[in-house]
Amino acid sequence: RKEVEQDPGPFNVPEGATVAFNCTYSNSASQSFFWYRQDCRKEPKLLMSVYSSGNEDGRFTAQLNRASQYISLLIRDSKLSDSATYLCVVRGGNEKLTFGTGTRLTIIP
Amino acid sequence: DAGVIQSPRHEVTEMGQEVTLRCKPISGHNSLFWYRQTMMRGLELLIYFNNNVPIDDSGMPEDRFSAKMPNASFSTLKIQPSEPRDSAVYFCASSPHSVYEQYFGPGTRLTVT
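Source: prediction; values computed, not measured.

So, how was this worked out
- Residues numbered from 1 in each chain as written.
- Chains lettered and ligands numbered in written order.
- Predicted model: local features only at pLDDT ≥ 70, side-chain atom pairs only at ≥ 80, totals over all residues.
- Heavy atoms only, no water.
- Helix = DSSP H or I, 4+ residues; strand = E, 2+ residues; numbered from the N terminus.
- Rg over C-alpha atoms; globule rule 2.2 N^0.38 Å.
- Buried < 20%, exposed > 50% of the residue type's maximum accessible area, 1.4 Å probe, protein only.
- Contact = heavy atoms within 4.5 Å.
- Areas by Shrake-Rupley, 256 points an atom, 1.4 Å probe, with all protein chains shown as cover.
- Salt bridge = Lys/Arg side-chain N within 4 Å of Asp/Glu carboxyl O.
- Pairing = 2+ DSSP bridges.
- Axes fitted to C-alpha atoms, helices over the stretch in contact; angles between N-to-C directions.

Colleague: What am I meant to see in the overall build of chain B here?
Modeller: Assigned secondary structure in chain B consists of 0 helices and 11 strands. Helices (α) and strands (β) of chain B occur, in sequence order from the N terminus, as β-β-β-β-β-β-β-β-β-β-β. In terms of overall dimensions, chain B is globule-like: its C-alpha atoms have a radius of gyration of 13 Å, near the 13 Å expected for 113 residues. Overall, chain B is about 40 × 25 × 25 Å in size when its C-alpha atoms are taken along their principal axes. Burial status across chain B gives 48% buried among its 113 residues. Considering only residue pairs separated by 6 or more positions, chain B has 53% of its internal contacts joining residues 24 or more positions apart. About 5600 Å² of surface is accessible on chain B, with carbon and sulfur atoms providing 50% of the total.

Colleague: I tried to follow the pattern of salt bridges on my own but got confused; where do I start?
Modeller: Any two side chains of opposite charge can pair, on the condition that their charged atoms come close. Following the criterion strictly, the structure yields 13 salt bridges over all chains and no others. Lys 79 of chain A is the salt-bridge partner of Asp 77 of chain A, the closest N and O atoms lying 2.9 Å from each other. On the basis of relative accessible area, Lys 79 of chain A is assigned to the partly exposed category, the value being 31%. A salt bridge links Glu 83 of chain B to Arg 85 of chain B; the nearest nitrogen and oxygen atoms lie 2.6 Å apart. Judged by its relative accessible area of 55%, Arg 85 of chain B is exposed. Counted as one network, the salt bridges with shared partners bring together Glu 62, Arg 64, Glu 83, Arg 85 and Asp 86 of chain B.

Colleague: What's the story with the sheet that holds strand 8 (residues 74–79) of chain B in this structure? I'm lost.
Modeller: Backbone-to-backbone hydrogen bonds join strands into a sheet, with any given pair of strands oriented parallel or antiparallel. Residues and elements named next belong to chain B. Overall, antiparallel pairing links the 4 strands, which are arranged 1-3-8-7 in an open sheet. For this open sheet the edge positions go to strand 1 (5–7) and strand 7 (65–71), each flanked by a neighbour on one side alone. Each neighbouring strand pair of the sheet contributes to a mean axis angle of 15°, computed without reference to strand direction. In terms of strand pairing, strand 1 meets strand 3 (residues 19–24) through 3 bridges, oriented antiparallel. Counterpart to Ile 5 in the pairing with strand 3 is Lys 24.

Quick look at the structure:
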């Protein structure tokens with residue numbers, strides 16, 4: 001079983017719609033959780049951290065469910081510029097980050 | 001502010017040749033990470049350094065791969081000899097002390113023919 005699993009997509013969503021991704025992780029001792037965004041042929045960049053109580057950043061909402069070991073990302077009122085690959089990232093007990101293989105999102109005009 | 005700098009941005013080489021990838025982390029960051037990204041396997045950690053010391057190299061695929069960090073502002077990843085299956089994008093990332101966000105460089109796209 002992979003340490004971090006994501007649905008690869010692609011998700012093709014009309015502009016203005018709401019879209020949600022889930023991610024599951026296998027190590028119950030994982031300590032930190034993140035969503036990174038990667039544009040085509042570019043480097044990954046941090047989108048947001050994921051906190052136990054859930055957190056929101058503008059149109060983006062992240063949730064963590066430790067009991068079920070999954071993380072979610074919700075994007076409301078999607079924009080064309082949201083088209084990218086979204087990487088679920090988990091940190092264990094040290095500085096190492098484990099990346100999921102990503103979910104590809106395309107926003108359609 | 002300068003981000004993580006990697007060179008070269010693109011490298012095309014023939015099988016059997018030595019390849020050296022270079023990275024300059026963000027000034028003041030004390031952790032440095034080398035990743036490899038392919039379509040099949042996604043983003044994989046190869047090795048990381050803390051204060052110039054290699055901490056975990058368990059992701060280095062085999063002895064053909066080696067990495068060094070002679071000082072806080074420079075690291076290299078070397079592949080000798082290179083093979084076609086090494087073709088990938090290699091990213092370098094850095095992070096400050098006790099902060100887990102990693103800042104990635106633009107990557108080196110390596111093609112081994």
